[in-house]
Amino acid sequence: MSVVEPRAAEPAVELSVVVPAYNEEGRLGPTLDAVRTYLDGRSGSWELVVVDDGSADGTARIAREAAAADPRVRLVSSPGNRGKGHALRLGVAASEGIRVLVTDADLATPIEELDRLTQELDAGHEAAVGSRAHPDSSVEVHQGRLREWMGRMGNRLIRAVAVPGIRDTQCGFKLLDGDKAREAFADARLDGWGIDVEILQYFRRQGWAVAEVPVRWSHQEGSKVGPLDYLRVLAELIRLKARAVRRTDLAVCGLFVLASVLLYKNLWADLGHGYLRDSLQDQNQWEWFFAVTADNVAHLHNPLFTTAQNFPAGVNLMGNTPMLGLSVPLTPVTLAFGPTVTWALVLTGGLAATAAAWYWLIARRLVRNRWAAALGAALAAFAPPMISHGNAHPNFLVLFMIPVIIDRALRLAGGEHVVRDGVLLGLFATYQVFLGEEPFLLAALGMLLFALAYGLLRRDVARAAWRPLLKGLGVAALTALPLVAYPLVWQFFGAQSYHSVLHGNNAGNSPRALVEFSGRALFGSDATADKLALNRTEQNAFYGWPLVALAFAITVRLWRHALVKALAFTAVAAAVLSLGQKIRIPYTDVVFPGPWRLLAHRPLFESVIEGRVAMICAPALGVLVALAADGLIRTRVRAYRAYRVFGGLAVAAALVPIVPTPMPVQTRPDVPAFIADGLWKKYVGPGESVVPVPLPDPGSAEALHWQSATGVRFPVPGGYFNGPYGMDRTGIYGAPPRYTSNLFRDVRYGAKIPEIGPNWQAQARYDLAYWKAGVVVIPPEDNDAALYVTVEKLLGRPGQRIGGAWVWPLGKDGSTAAPAH
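Everything numeric in this text was worked out from a predicted model, so none of it was measured. Every chain is numbered on its own, with residues counted from 1 as its sequence reads. Local features in this predicted model are restricted to residues whose pLDDT is 70 or higher, and side-chain atom pairs enter the listing and the counts only when it is 80 or higher, whereas totals over whole chains, interfaces and linings include all residues. Where side-chain values are given, they derive from all heavy atoms of the structure, hydrogens and water being excluded.

> How should I be thinking about the side chain of Gln281 in this particular structure?
Each helix is a run of H or I in the DSSP string that is no shorter than four residues. Each strand is a run of E no shorter than two, and both are numbered from the N terminus. Checked against the element boundaries, Gln281 lands in the loop between β11 (274-276) and α11 (282-298). Residues count as neighbours in contact if any of their non-hydrogen atoms are within 4.5 Å of one another. Look past the residues within four positions of Gln281 in its chain and what remains in contact with it is Tyr275, Pro698, Gly699, Ser700, Ala701, Glu702 and Tyr720.

Next up, the structure:
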């Protein structure tokens, strides 16, 4: 409990000066004398409130003596040392002034600087804060270099996360409107040095004007601010951010996490054996990406390349999708718990984070009601195309940076902090490159479509925005280019690079796909969706006719808004582009040329599966639904009650049918004991590979699971990746075929074993030598008996049954002689 020295009742004073003091016996007396002398020379009544924060020296005695000599001096005592924030809270609460000045006991900022602050309050500001960082300030005695550097870094952090625009929050010299100061300090909770940030944040939140004022400042020896105090301020900033989070925001984000966990609950239930049924071979591929990235990081290898797959030529990882932006920082998780945990964590956490990011953007910029924003964000993140890619393509599911990039671009258009926002946009774009380039390209296409439509509709906004936006984009490019230049050069010109991946002319959506339900939707079925999609990981539309009808109704109802028109144009344009180069009218033989043909053979776009462009519709539809829901929720007129009920039912009828159901899981094959128990080590020396039969390819990549489950300790030929084929280096899925690998594949899928003579045996020796094979392995699998006969004839000797697999040790030249290792 604090103790306030009694004083006679007096009329409210014009100025209260609050001085927190802890063990200030050596300089409190001169400070009080200087303040009293200065205030006596000014007009108006004043009081001086000294707060003793549990000092162990004579601080309280000096303040008590000053109070005895001058009744305008008061002492407030705290029984123990709680920190500057606690002391100021006591002192301001005890103050009575129309204005309140808080100043440090060392008077690093001379009391005479009060005149500058007073001018700002006279001009209409509610607070004036002294600033050492203001260009017109005068720092007469500097701190040590380390402390000064830490102070600058701390202020930059504070500007970034708490009070942007104020360059120096920690200067202990602030003049505040008295009533507003008492309100702000009563609401404050921090006891330490972070109190300055908390008070300024409160003023900002209330919309009270704050001026930053240049002052004279001199470092005073004996400062109570130590190096650890900077860390304490950081901790208090975290507390401030946590306190600023609304309960609704926490509830919404919690629901997003719950929805993601329920979606992947079957996978989490059996991480040791669970395999997402509809992921084809992509779960094996992605776990391998996470495992090989962790191995590269742990051994300080090039994270952009590996020979663990497609041995000995290797794989250009930057030309594939290892999501280095997550796989690198999650390396400790992968090494400690395995790549399957990383896979499940990226899918579950990435989906929830994406929904939270869309929620933040929609609530920040578009709607008032948080639950309306949550509804729109849920549609943007959990839309059927996203869930389809959630089977196998986390790079198209984990899109939390896209709303952040959109927000920064909108800030650039505002033109306030073009250089700062441009730099941040460049950093955000760089990070997105390492999360996924193709989704970034599609997002950029969506943003361009929206910007063109909105710019034509609101030419006044476009005229004001285009210059700062172009300048900011230039700054962003200059920021990002040095960071992505080497990885992109490696991707397009490095080892195992390729120039495009061709997907054929039938990768566009059927118009029916836009109005049907996906296989994972509550009202959908795999039987219907499978007929209209490339596969279950590429159900890129399937929004369902109720949602399409709702979007049309919302557009008509809110047509007067330029935002709605631009969103509608974006969704329609993306849907039409997603139909591909040829648009076939359902149930007829009528075919029209599609607008995608204008982009299909352009650089970058030539590798895009055009059906994926329909994913752009998801956030556009999400925002439309959020706008409609916000209007319904905020309608309070009784006459519109029926309208609200009907509108709510319409939204529910459109969204409930596409609610995703949990991802189905199947049991994956066990890793053969020959691999899992490390028995292969006896047969594979340095620079040699394990040759699975058949070789891993996009249709069967279980051998990649062998690698990822055992820490990527041996290389394999073949694989599932994007790489070059032929002299023109056209991109293909998997390794360039060889005669022996084709033979293994054909037999695996039921082809008759050809007559194997000297020519086939010589070809096998040649291919095995190319692969630097140390051992050939046939695991238990379909047609393994036929594969055994094939390998036995090729190698001219029977295999050995070791660790549950058939094994043929080889010589270094691919011969059948078993090498000695």
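Now that the structure is up, let's keep going.
> Which parts of the structure should I look at to understand the sheet that holds strand β20 (residues 773-778)?
Within a sheet, adjacent strands bond to each other through the backbone by hydrogen bonds, running parallel or antiparallel. Two strands are counted as paired when DSSP detects at least two bridges linking them. If you walk across this open sheet you meet the 4 strands as β17-β20-β22-β21, and the pairing is mixed. The open sheet terminates on both sides in strands that have one partner only, identified here as β17 (689-692) and β21 (800-802). Strand-to-strand twist across the sheet, computed as the mean angle between neighbouring axes with direction ignored, equals 35°. Of the pairings in the sheet, the one linking β20 to strand β22 (residues 805-809) comprises 4 bridges and is antiparallel in character. Each axis is a line fitted through C-alpha atoms, taken for helices only over the stretch in contact, and angles between the N-to-C directions span 0 to 180 degrees.

> What is the right way to look at the packing of aromatic side chains in this model?
The relative placement of two aromatic rings is captured by the distance of their centres and the angle of their planes. For Phe, Tyr and Trp, where Trp contributes only its six-membered ring, two rings pair if their centres lie within 6.5 Å, and the inter-plane angle classes them as stacked under 30 degrees, edge-to-face over 60, or tilted in between. Applying the stated criterion across every chain, the model contains 17 aromatic pairs. Ring plane angle 50° and centroid distance 4.6 Å describe the contact between Tyr788 and Trp806, whose orientation is recorded as tilted. Taken together, the residues Tyr788 in helix α31 (residues 784-795) and Trp806 in strand β22 connect sequence positions 18 residues apart. Each residue gets one of three labels from its accessible area relative to the maximum for its type: buried under 20%, exposed over 50%, partly exposed in between, using a 1.4 Å probe on protein chains only. What makes Trp806 partly exposed here is its relative accessible area of 26%.

> Help me out: how do you make sense of the pairing of strand β3 (residues 46-53) in this one?
Every regular strand shows the same layout, with side chains that alternate between the two sheet faces. With respect to burial, β3 is a largely interior element, 8 of its 8 residues being buried. Where burial is concerned, the two faces of β3 agree: the one with Trp46, Leu48, Val50 and Asp52 and the one with Glu47, Val49, Val51 and Asp53 are both buried. Across 7 bridges, strand β2 (residues 15-21) lies against β3 in parallel orientation. Along β3, the bridge assignment pairs Pro20 with Val51. By convention, orient the strands away from the viewer: a clockwise path from the first strand over the helix to the second makes the crossover right-handed. Taken together, β2, helix α1 (residues 28-40) and β3 form a β-α-β motif whose crossover is right-handed. Judged from the 6 bridges that link them, β3 and strand β4 (residues 73-78) form a sheet pairing that is parallel.

> Would you explain the nonpolar core in this entry?
Among soluble globular proteins, nonpolar side chains are generally buried collectively. Nonpolar core, defined: a set of buried Ala, Val, Leu, Ile, Met, Phe, Trp, Tyr and Cys residues in which side-chain atoms within 4.5 Å join the residues together. Counting residues in hydrophobic clusters, the biggest one holds 127 residues, and the most contacted among them are Phe256, Tyr264 and Leu547. At 14 residues, the largest contribution of residues to this core is made by helix α14 (residues 339-365). Not counting the four nearest positions on each side in its chain, Phe256 is found in contact with Ala352, Ala355, Ala356, Tyr359, Ala374, Ala377, Ala378 and Phe382. In this structure, Leu15, Ala66, Ile111 and Leu175 belong to the second largest nonpolar core, which totals 34 residues.

> Would you mind going over the packing of helix α24 (residues 562-577) against helix α25 (residues 617-634) with me for this structure?
Running from N to C, α24 and α25 cross one another at 150°; their axes reach a closest spacing of 9 Å. By the angle class used here, α24 and α25 are roughly antiparallel. Helix-helix and strand crossings are classified by hand; for α24 and α25 the assignment is left-handed. Two secondary-structure elements touch here, α24 through Leu563, Val564, Leu567, Ala571, Ala574 and Ala575 and α25 through Cys617, Ala620, Val623, Leu624 and Leu627. For the contact of α24 with α25, a count of residues per class yields 11 nonpolar, no polar and no charged. Under this scheme an angle from 65 to 115 degrees is roughly perpendicular, one under 35 degrees roughly parallel, and one over 145 degrees roughly antiparallel; angles in between are oblique. Rotating anticlockwise by less than a right angle from the far helix to the near helix defines a left-handed crossing, while the corresponding clockwise rotation defines a right-handed one. In the scheme used here, Gly and all other residues not listed as nonpolar or charged are polar, with Ala, Val, Leu, Ile, Met, Phe, Trp, Tyr, Cys and Pro taken as nonpolar and Asp, Glu, Lys and Arg as charged.

> Help me understand unusual backbone geometry, please; the structure alone is not making it clear to me.
The bulk of non-glycine residues show a negative phi, and the bulk of peptide bonds are trans. The residue after Phe311, namely Pro312, is reached through a cis peptide bond having omega 5°. Within the element layout of this structure, Pro312 appears in the loop between β12 (305-306) and β13 (315-316). Omega for the peptide link from Val693 to Pro694 comes to -5°, which places this bond in the cis form. Inspection of the secondary structure assignment puts Pro694 in the loop between β17 and α28 (702-709).

> What's the story with a nonpolar patch on the surface in this structure? I'm lost.
Patch membership requires more than 30% relative accessible area and the absence of a salt bridge. Residues of like charge join within 9 Å; the nonpolar side chains Val, Leu, Ile, Met, Phe, Trp and Tyr join within 5 Å. Per-residue and other accessible areas follow the Shrake-Rupley method at a 1.4 Å probe size, with only the shown protein chains counted as cover for residues. We define a salt bridge as a contact between a side-chain nitrogen of Lys or Arg and a carboxyl oxygen of Asp or Glu at a distance within 4 Å. Taken together, the side chains of Leu255, Leu258, Leu262 and Trp371 define a hydrophobic patch exposed on the protein surface, amounting to about 390 Å² of accessible area. The leading source of residues in the nonpolar patch is helix α9 (residues 247-263), at 3 residues. Tracing the backbone shows Leu258 in helix α9. The class of Leu258 is partly exposed, set by a relative accessible area of 45%.

> Could you clarify how one ought to interpret the pairing of strand β6 (residues 127-131) in this entry?
Where burial is concerned, most of β6 is hidden: 5 out of the 5 residues are buried. Going residue by residue along β6, you find Ala127, Val129 and Ser131 tucked away on one face and Ala128 and Gly130 tucked away on the opposite face as well. Sheet analysis places β6 next to strand β9 (residues 210-214), joined by 5 bridges and oriented parallel. Of the residues in β9, the one forming a bridge with Ser131 is Pro214.

> Would you mind showing me how to read the pattern of salt bridges here?
When their charged atoms lie close together, side chains carrying opposite charge are able to pair. Tallied over the entire structure, the rule returns 41 salt bridges. Among the salt bridges present, the one from Glu438 reaches Arg612, with a minimum N-O distance of 3.0 Å. Within this pair, whereas Glu438 is found in helix α20 (residues 437-457), its partner Arg612 is found in the loop between β15 (591-593) and α25, the two being separated by 174 residues in sequence. A single network of salt bridges, built from pairs that share partners, joins Arg277, Asp278, Arg520, Asp526, Asp530 and Arg536.

> Looking at this structure, how should I read the packing of α25 against helix α26 (residues 641-655)?
Relative orientation of the contacting elements α25 and α26 amounts to 150°, with a least axis distance of 9 Å. It follows that α25 is roughly antiparallel to α26 by the angle criterion. Considering the relative orientation of α25 and α26, their crossing is left-handed. Across the interface between the two elements, Val625, Leu632 and Ile633 of α25 pack against Tyr643, Arg644, Gly647, Gly648, Val651 and Leu655 of α26. Residues of the contact of α25 with α26, tallied by class, amount to 6 nonpolar, 2 polar and 1 charged.

> Whenever I open this one, the side chain of Ser700 confuses me. Can you help?
Secondary-structure assignment places Ser700 in the loop between β17 and α28. A relative accessible area of 19% places Ser700 in the buried class. With sequence-adjacent residues up to four places away left out, Ser700 is seen in contact with Gln281, Leu695 and Tyr749.

> Explanation requested: α31 in the structure shown.
Every α-helix winds through 3.6 residues per turn, so residues three or four apart in the chain are directed the same way. With 12 residues, α31 should cover 16 Å at 1.5 Å per step; its first-to-last C-alpha distance of 16 Å lies within 8% of that length. Those residues of α31 lying buried are Leu787, Tyr788, Thr790, Val791, Leu794 and Leu795. Projected down its long axis, α31 shows its buried positions confined to an angular sector of 165°, all on one face. Where α31 is buried, its residues touch α29 (739-748), α30 (758-770), β20 and β22. Directly after α31, the chain includes Gly796, whose backbone phi takes a positive value near 75°. Working rule for helices: expected span equals 1.5 Å times residues minus one. The directions considered for the arc run from the helix axis to the C-beta atoms.

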